[in-house]
Amino acid sequence: MSDFLKQFGEDLKKNVPGFIAVSVAEIKSGMSYYSQSVVSDFDPELASAFNLEVVKAKMNAIKALNLQGQAVDNVMITLTSQIHIIDVSDNGEYFIYLAVDSTRANLGMTKSILNKYKKEIAEKL
């Protein structure tokens, strides 16, 4: 695992209120390059594998609707007590899957941190 991804994970864990889990995965293969969870029974690699299907479905919908020039930037799914964010890298090859506790999350801060890293992920992976 690269130092960049270790730093990324530690930064999220430290600076994202309500952090539960994160995974960075490749869209083409579904392979997870990094994952971390502070909840023992929450498997971020399994969660990102299922959420990869959400990303692919939306990409297929964009293609089917002939929405030229459009790409998936992010998807936010609100559960009863959690928020799951799927943030696609600028080059469209990777995505960050992040789960946070909705009662503690600060979405503005979280999105700011994710935007910083999703640009770097496209360059460094």
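Residues numbered from 1 in each chain as written. Predicted model: local features only at pLDDT ≥ 70, side-chain atom pairs only at ≥ 80, totals over all residues. Heavy atoms only, no water.

Here's the deal with the packing of aromatic side chains
Scanning the model with the defined rule gives 4 aromatic pairs in all. Consider the rings of phenylalanine 4 and tyrosine 117, whose centres lie 5.9 Å apart with planes at 50 degrees: the pair is tilted. Highlighted residues: phenylalanine 4 in helix H1 (residues 3–15) and tyrosine 117 in helix H3 (residues 107–124), separated in sequence by 113 residues. The pair phenylalanine 4 / tyrosine 117 is uniform in exposure class, with both members buried. Of the aromatic side chains, those joined through ring pairs into one cluster are Phe4, Phe8, Tyr34 and Tyr117. (Phe/Tyr/Trp six-rings, centres within 6.5 Å; stacked < 30°, edge-to-face > 60°. Helix = DSSP H or I, 4+ residues; strand = E, 2+ residues; numbered from the N terminus. Buried < 20%, exposed > 50% of the residue type's maximum accessible area, 1.4 Å probe, protein only.)

Examining the pairing of strand S5 (residues 94–101)
When you tally the buried positions in S5, you get 7 out of 8 residues, the bulk of the element. Relative to S5, strand S1 (residues 19–26) is paired through 7 bridges, and the arrangement is antiparallel. Of the residues in S5, the one forming a bridge with valine 24 is isoleucine 96. As defined by bridge partners, strand S4 (residues 82–88) adjoins S5 across 7 bridges and the pair is classed as antiparallel. Looking across to S5, one finds that isoleucine 83 is bridged to valine 100. (Pairing = 2+ DSSP bridges.)

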